[in-house]
Amino acid sequence: MKTAAMARACISVLALICIAWHPGPTQAAVASSPGNRGSVPDAAVWDETDQKISLRATLTEFGPGSVILLPVYTRCMGTCPVLARKLRSELAQLNSPASYRVVLFSFDPAETRESLKRFRKQEQLPAEWLMVRGDEAELRRFFDFFHYSVMKENGALIHPSELFLLANDAGIGKELHWRASLVGVEWSARDLEKELK
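What counts as what
Residues numbered from 1 in each chain as written. Predicted model: local features only at pLDDT ≥ 70, side-chain atom pairs only at ≥ 80, totals over all residues. Heavy atoms only, no water. Helix = DSSP H or I, 4+ residues; strand = E, 2+ residues; numbered from the N terminus. Buried < 20%, exposed > 50% of the residue type's maximum accessible area, 1.4 Å probe, protein only. Contact = heavy atoms within 4.5 Å. Areas by Shrake-Rupley, 256 points an atom, 1.4 Å probe, with all protein chains shown as cover. Phe/Tyr/Trp six-rings, centres within 6.5 Å; stacked < 30°, edge-to-face > 60°. Core = buried A, V, L, I, M, F, W, Y, C linked by side-chain atoms within 4.5 Å. Pairing = 2+ DSSP bridges. Right-handed = clockwise from strand over helix to strand, strands pointing away. pLDDT = per-residue confidence, 0-100. Salt bridge = Lys/Arg side-chain N within 4 Å of Asp/Glu carboxyl O.

### Structural notes on the overall build of the protein chain
Here is step 1 of the chain: Secondary structure summary: the protein chain contains six helices and ten strands in total.
Here is step 2 of the chain: By residue count, 45% of the 197 residues in the protein chain fall in the buried class.
Here is step 3 of the chain: Counting only contacts in the protein chain whose residues sit at least 6 apart along the sequence, the fraction spanning at least 24 positions is 73%.
Here is step 4 of the chain: Carbon and sulfur atoms make up 55% of the accessible area of the protein chain, which amounts to about 10400 Å² in all.

See the structure below:
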């Protein structure tokens, strides 16, 4: 009896954690401004072909523009696939969705190129979207900049539901700046357009 009661208590605690870290469908989007935090740090990452690339160089090589950074992990059974589908759907409603560069950055050190490819196919993500992964030290350094924290819980990764809007205003090979964040799953194409102007 004691064991069953403890198990129920643990499940209740985990449920509360998931509710706190994964905003539900009724929670409104919150656009927040990070203020002046300087340029987004570069990250040495691997793409789906296992090529090691500089994230900053890749995202700025086409000159000034807006970048949408969505942290995910492909084993996620919660909001990661929901957010990926949401972003695909909302971007399609904009006048020129191709003008926004999108990168899905896995924060799971165990991610592989095969798992990235499976996720892209499963969620029917556009071919022009970049999907990358990194080692644990690189992930920690990069996501610390955004105050984005991940907790391990029974084999799963508990994480915020948040995407980051970046700007490359200076031109080719220059810096990326964190412009705003959208939290939860209730943001819209209008929110994206407003924050990326």
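What follows picks up the thread again.
### Thoughts on the packing of aromatic side chains
Here is step 1 of the chain: Applying the stated rule across the entire model yields 14 aromatic pairs.
Here is step 2 of the chain: Plain terms: the ring middles of Phe 107 and Tyr 148 are 5.8 Å apart, the flat faces sit at 50 degrees to each other, and that makes the pair tilted. Here the residue Phe 107 occupies a position in the loop between strand S5 (100-106) and helix H4 (113-123), and Tyr 148 occupies one in the loop between helix H5 (136-144) and strand S7 (151-153), the gap between them amounting to 41 residues. Each member of the pair Phe 107 and Tyr 148 is classed as buried.

### Side note on unusual backbone geometry
Here is step 1 of the chain: With phi around 70 degrees, Asp 50 is a residue other than glycine that occupies positive phi space.
Here is step 2 of the chain: Relative to the helices and strands, Asp 50 is located in the loop between strand S2 (44-46) and strand S3 (52-54).
Here is step 3 of the chain: In this structure, Asn 154 is a non-glycine residue whose phi angle is positive, near 55 degrees.
Here is step 4 of the chain: Positionally, Asn 154 belongs in the loop between S7 and strand S8 (156-158).

### Focus: the nonpolar core
Here is step 1 of the chain: In terms of nonpolar packing, the biggest core is built from 52 residues, with Leu 55, Ile 68, Leu 87, Leu 104, Phe 105 and Phe 146 touching the most fellow members.
Here is step 2 of the chain: For Leu 104, the residues in contact, after removing those within four places along its chain, are Leu 70, Val 72, Ala 84, Phe 119, Leu 125, Trp 129, Leu 130, Met 131 and Val 132.

### Section: the pairing of strand S4 (residues 65-72)
Here is step 1 of the chain: Burial analysis of S4 places seven of its eight residues in the buried class, the great majority of the element.
Here is step 2 of the chain: By the bridge criterion, seven bridges tie S4 to S5 in an arrangement that is parallel. Its bridge partner being in S5, Leu 69 is matched across the sheet by Val 103.
Here is step 3 of the chain: Tracing the backbone out of S4, into helix H3 (residues 79-91) and back to the parallel element S5 gives a crossover that is right-handed.

### Structural notes on the confidence of the model for the protein chain
Caution applies to low-pLDDT regions: their predicted coordinates should not be interpreted in detail.
Here is step 1 of the chain: Summing up the model confidence of the protein chain, the mean pLDDT is 80 and the portion of residues at 70 or higher is 78%.
Here is step 2 of the chain: Confidence scores differ between elements of the protein chain, with helix H1 (residues 2-21) showing the lowest mean pLDDT of 38 and H4 the highest of 96.
Here is step 3 of the chain: Counting interchain partners and residues more than four positions distant, the pLDDT-below-50 stretch residues 1-28 has 27 contacts.

### A short note on the side chain of Glu 123
Here is step 1 of the chain: Within the fold, Glu 123 resides in helix H4.
Here is step 2 of the chain: On the accessibility criterion, Glu 123 (3% relative accessible area) is buried.
Here is step 3 of the chain: With near-sequence residues (within four places) excluded, Glu 123 lies in contact with Pro 81, Arg 85 and Arg 88.

### Quick notes on the pattern of salt bridges
Here is step 1 of the chain: Taken as a whole and assessed by the stated rule, the structure comprises nine salt bridges.
Here is step 2 of the chain: Across the salt bridge formed by Asp 50 and Arg 113, the nearest N and O atoms sit 3.9 Å from each other. Here Arg 113 lies in helix H4 and Asp 50 lies in the loop between S2 and S3, a separation of 63 residues in the sequence.
Here is step 3 of the chain: Asp 50 gets classed as partly exposed once you look at its relative accessible area, which sits at 35%.
Here is step 4 of the chain: Judged by its relative accessible area of 31%, Arg 113 falls in the partly exposed class.
Here is step 5 of the chain: Between Asp 50 and Arg 133 there is a salt bridge, with its nearest N and O atoms 2.4 Å apart. Of this pair, Asp 50 sits in the loop between S2 and S3 while Arg 133 sits in the loop between strand S6 (130-132) and H5, and the two are 83 residues apart along the sequence.
Here is step 6 of the chain: We classify Arg 133 as buried; its relative accessible area is 15%.
Here is step 7 of the chain: Linked by salt bridges that have partners in common, Asp 50, Arg 113, Glu 114 and Arg 133 make up one network.

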